[in-house]
Amino acid sequence: MIGIATIVLIAAPTLAILIMLVVPRPPLAEVLNLLASILAFSAALGIVVLAPAHGVRFLDRYIIVDPLGAWVILCAAIVYLLASIYARGYMRTLDEDERLPRFYQLFALFALTIFAAPLMNNPGVYWIAIEMTTVVSTFLVAFEQAPESIEAGWKYIIIVSAGITLALLGTVLFYWAGTFSLGPTYQMTWATLRHAAPHMNHTLLILSFLLVLVGFGTKVGLAPMHTWLPDAHSEGPAPVSAMLSGALLNAAMAGIVRYLAVMHRAALFALPDQLLVVFGVTSLVVAALFIIRQRGVKRLMAYSSVEHMGIIAIGFGFGGPLGVAGSMYHMLNHSLNKSLMFFGAGNAMRSYGTKSISRIRAFGTQFPVSGALWLAGAIAITGAPPFGLFASEITILRAGFDGIGLWAAIIMTVLLIVIFIGFLNHFRQMYFEPADPDAPPPKPTSKWSIVPMWLALVPLLVFGLWWPHALWRDFQVVEHNIGAVVAATPPAQARIGLRTLRWPV
């Protein structure tokens with residue numbers, strides 16, 4: 001059954017792309033992309049339910065379906081479905097009917113590459129899949145063909161490709177480190193690297209991991225390698241921004257986590273974990289500074305992505321039952337929440353005809369429904385209760401206070417308060433400051449642009465009030481595969497494990 005679900009996951013967007021190439025009609029392209037997203041979401045749910053703890057391998061072990069990959073795919077499939085619904089309302093406002101089939105072809109291909117990356121069992125092929133996501137999404141970032149979007153596309157592909165090149169060098173060094181125990185040639189898989197890790201040279205492993213962390217960290221958007229992210233997220237169409245933030249970044253983070261497991265199998269705990277925590281804290285600092293002084297509405301959302309990927313990195317760096325579970329839960333909640341925020345930002349931009357926060361006024365009065373949804377999403381994205389991000393952030397903070405990351409947990413707490421104040425201050429301006437009487441009335445929004453906001457907000461509220469206990473199985477497996485329990489948590493907590501944990505608040 002899991003093989004059928006994996007085939008459906010890959011085949012749905014592939015068939016949609018092929019049909020759109022043969023029959024490039026805008027209405028058909030919209031329907032095909034939406035159907036592909038529904039099928040992909042259904043398949044992703046099946047994969048999460050069916051994925052065994054040890055993983056399933058296909059095609060001579062080049063493809064693996066394990067709990068970590070299944071979780072990342074589910075997050076991506078959720079965003080793909082929500083963004084496909086939203087695109088039906090948003091893309092029609094661009095007056096690009098002739099180019100709509102090309103957009104949906106690239107959009108489905110982008111989703112396909114994101115789905116493929118976590119399935120790659122060979123680190124080298126995983127690198128190729130991540131690079132393919134860069135190539136495809138560059139055209140989507142520059143789709144509107146404005147000078148700013150074209151510049152953002154060039155900046156995106158140059159910076160990310162440079163970072164990914166470092167990740168390739170790190171991958172090669174990991175392979176070389178394995179040759180000393182496995183021979184000059186061997187089939188490089190994640191399991192093979194973990195098996196050979198105890199016999200690898202520690203200095204070479206540390207250098208390899210640092211290159212991989214910087215390389216894939218560039219793709220994740222960790223500071224100070226984040227400089228492509230604000231431009232790409234702010235200049236691309238809103239559905240593309242949601243996919244970049246809620247789906248792509250998680251797929252790149254999965255590679256870092258799998259290499260982290262290799263380091264732990266080599267009994268290297270402190271340095272790799274501390275590197276992740278340092279990059280995460282740096283991302284929070286940078287995000288806080290730029291969120292406070294931000295003037296563009298979509299750039300505000302982009303720096304929020306830097307913040308939350310930093311939080312996820314901190315959680316994996318803390319390790320242990322709480323750190324890993326909190327980070328994985330944060331992936332899901334962030335995917336939902338950031339989709340909601342970019343949808344609201346897209347509605348505001350199209351209605352008011354501007355990206356400037358200072359020119360968006362009385363949004364809640366002009367648009368009561370979408371305004372209320374967007375404001376609720378803004379409260380949720382800052383980590384306020386009773387939404388899902390509050391639960392995942394509290395879990396990560398508990399991992400830091402209970403383990404070896406006390407200093408980082410304290411800094412994280414302070415920065416989250418700063419971001420809460422700065423982020424919501426921008427929404428205070430957009431909602432409660434009076435509108436310019438000479439400004440033209442805002443344009444109405446489509447129902448297609450409001451429905452996915454509901455579909456994102458309701459699960460966020462549910463996951464904040466109720467943490468499904470069935471999720472702990474996958475979190476426990478990933479924590480065991482990373483192998484950081486003893487190093488990152490006190491012995492008593494390590495013995496407790498995830499089986500006895502409940503909702504953290």
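Residues numbered from 1 in each chain as written. Predicted model: local features only at pLDDT ≥ 70, side-chain atom pairs only at ≥ 80, totals over all residues. Heavy atoms only, no water.

**Student:** A description of the overall build of the protein chain should follow, citing residues and the corresponding values.
**Tutor:** When you go through the protein chain residue by residue, the secondary structure sums to 21 helices and two strands. Rg of the C-alpha trace for the protein chain: 22 Å, near the compact-globule value of 23 Å for 505 residues, within the 12% margin. Seen along its three principal axes, the alpha-carbon backbone of the protein chain occupies a region of about 70 × 55 × 40 Å. For the protein chain, the residues scored as buried account for 63% of the 505 residues in total. Sequence-distant contacts, at least 24 apart, represent 81% of the contacts inside the protein chain between residues at least 6 apart. (Helix = DSSP H or I, 4+ residues; strand = E, 2+ residues; numbered from the N terminus. Rg over C-alpha atoms; globule rule 2.2 N^0.38 Å. Buried < 20%, exposed > 50% of the residue type's maximum accessible area, 1.4 Å probe, protein only. Contact = heavy atoms within 4.5 Å.)

**Student:** Which residues make up the pattern of salt bridges, and what values do they have?
**Tutor:** This structure, assessed with the given rule, holds nine salt bridges. Its salt-bridge partner being arginine 428, residue glutamate 433 comes within 3.6 Å of it at the nearest N-O pair. Each of the salt bridges in this network shares a partner with another, and the network as a whole consists of Glu30, Arg88 and Arg92. (Salt bridge = Lys/Arg side-chain N within 4 Å of Asp/Glu carboxyl O.)

**Student:** Before we move on, can you summarise the packing of aromatic side chains with the specific residues and values?
**Tutor:** Inspection of the entire model under this criterion finds 29 aromatic pairs. Between tyrosine 86 and phenylalanine 343 the ring centres are 4.4 Å apart and the planes differ by 15 degrees, which places this aromatic pair in the stacked class. Of this pair, tyrosine 86 sits in helix H3 (residues 67-90) while phenylalanine 343 sits in helix H13 (residues 320-352); the two residues are 257 residues apart in sequence, bridging distant segments of the chain. Members of the aromatic cluster, joined through ring pairs, are Tyr352, Phe363, Phe367, Trp374, Phe423, Phe427, Tyr431 and Phe432. Directly above the aromatic system of tryptophan 448 lies the positively charged group of arginine 88, at a separation of 4.5 Å from the ring centroid. Here the basic side chain of arginine 99 rests over the ring of phenylalanine 143, its NZ or CZ set 4.1 Å away from the ring centre. (Phe/Tyr/Trp six-rings, centres within 6.5 Å; stacked < 30°, edge-to-face > 60°. Lys NZ or Arg CZ within 6 Å of the ring centre and 35° of its normal.)

**Student:** An account of helix H12 (residues 297-318) is requested, with residue identities and associated values reported.
**Tutor:** A turn of α-helix holds 3.6 residues, and therefore any two residues three or four places apart point the same way. A rise of 1.5 Å per residue sets the reference length of H12, with its 22 residues, at 32 Å; its end C-alpha atoms lie 32 Å apart and thus fit the reference within 8%. Summarising burial for H12: 21 of the 22 residues are buried, a large majority. Downstream of H12 by one or two residues, glycine 319 has phi in the positive range, about 70 degrees. (Expected span 1.5 Å × (residues − 1).)

**Student:** Any chance you could break down the confidence of the model for the protein chain for me, citing the residues and the numbers?
**Tutor:** For the protein chain, the mean per-residue pLDDT works out to 89, and 95% of the residues sit at or above 70. Note on residues 484-505: pLDDT is under 50 here. Beyond four places in sequence and across chains, it has 51 contacts. (pLDDT = per-residue confidence, 0-100.)

**Student:** Which residues make up the packing of helix H10 (residues 238-265) against helix H11 (residues 270-292), and what values go with them?
**Tutor:** Any two packed helices are characterised by the angle at which their axes cross and by the distance between the axes. It is the contact of H10 with H11, at a shortest axis distance of 9 Å, that shows an interaxial angle of 155 degrees. Taken as axis vectors, H10 and H11 run roughly antiparallel relative to one another. Listed contacts from H11 to Ile256, Leu260, Met263 and His264 of H10 are Pro272, Asp273 and Leu276. When its residues are assigned to classes, the contact of H10 with H11 shows five nonpolar, one polar and one charged. (Axes fitted to C-alpha atoms, helices over the stretch in contact; angles between N-to-C directions. Parallel < 35°, antiparallel > 145°, perpendicular 65-115°, else oblique. Nonpolar A, V, L, I, M, F, W, Y, C, P; charged D, E, K, R; others polar.)

**Student:** So what's going on with helix H8 (residues 202-220)? Residues and values would help.
**Tutor:** A rise of 1.5 Å per residue sets the reference length of H8, with its 19 residues, at 27 Å; its end C-alpha atoms lie 25 Å apart and thus fit the reference within 8%. Backbone nitrogen of threonine 203 and a side-chain oxygen of the N-cap are separated by 3.0 Å at the start of H8; the cap is asparagine 201. Where H8 ends, the next residue or the one after it, glycine 221, has phi of about 95 degrees, a positive value. (Polar contact = N/O pair within 3.5 Å; in protein donor to acceptor, adjacent residues only side chain to side chain.)

**Student:** Tell me about a nonpolar patch on the surface, and name the residues and values.
**Tutor:** A cluster of nonpolar residues, Val369, Trp454, Val458, Leu461, Val462, Leu465 and Trp466, forms a patch on the protein surface that exposes about 670 Å² of accessible area. For the nonpolar patch, the element with the most residues is helix H18 (residues 451-465), which contributes five residues. Tracing the backbone shows leucine 461 in helix H18. For leucine 461, a relative accessible area of 36% translates into the label partly exposed. (Patch = residues over 30% accessible without salt bridge, like charges linked within 9 Å, V, L, I, M, F, W, Y side chains within 5 Å. Areas by Shrake-Rupley, 256 points an atom, 1.4 Å probe, with all protein chains shown as cover.)

**Student:** Break down the environment of glutamate 151 for me, with residues and values.
**Tutor:** Within the secondary structure layout, glutamate 151 lies in helix H6 (residues 147-182). For the pair glutamate 151 and glycine 163, spaced twelve residues apart in sequence, the C-alpha to C-alpha distance is 18 Å.

**Student:** Help me get a handle on the packing of H12 against helix H16 (residues 388-402), residues and values and all.
**Tutor:** Running from amino to carboxyl end, H12 crosses H16 at an angle of 40 degrees, the nearest separation of the two axes being 9 Å. Judged by the angle between their axes, H12 and H16 are oblique. In the packing of H12 onto H16, the handedness of the crossing is left-handed. For the pair H12 and H16, the contacting residues are Glu307, His308, Ile311, Ile314, Gly315 and Phe318 in the first and Leu389, Glu393, Ile396, Ala399 and Gly400 in the second. Of the residues in the contact of H12 with H16, the class split is six nonpolar, three polar and two charged. (Left-handed = near helix turned anticlockwise from the far one by under 90°.)

**Student:** Quick rundown of the nonpolar core? Include the residues and the values.
**Tutor:** Within the largest apolar cluster, 183 residues are counted, with the highest numbers of intra-cluster contacts made by Phe216, Met243, Met253, Met301, Phe316, Trp374 and Phe427. No other element matches the 18 residues that H10 contributes to this core. In this structure methionine 301 touches Lys338, Met341, Phe342, Ala345, Trp374, Phe423 and Phe427, once residues within four positions along its chain are discounted. (Core = buried A, V, L, I, M, F, W, Y, C linked by side-chain atoms within 4.5 Å.)

**Student:** Explain the side chain of glutamate 307 residue by residue, including any values.
**Tutor:** Within the secondary structure, glutamate 307 sits in helix H12. Buried charge glutamate 307 goes without a salt bridge, the closest partner of opposite sign being lysine 338 at 6.6 Å. Among residues more than four places away in sequence, those in contact with glutamate 307 are Leu284, Ala287, Ile291, Ile381, Glu393, Leu416 and Ile419. (Lys, Arg positive; Asp, Glu negative; His and termini not counted.)

**Student:** Can you tell me about the environment of leucine 210, naming the residues and giving the values?
**Tutor:** By secondary structure assignment, the location of leucine 210 is in helix H8. With relative accessibility at 36%, the residue leucine 210 sits in the partly exposed group. Measuring from C-alpha to C-alpha, the distance between leucine 210 and leucine 166 comes to 9.3 Å, with 44 residues separating the pair along the chain.

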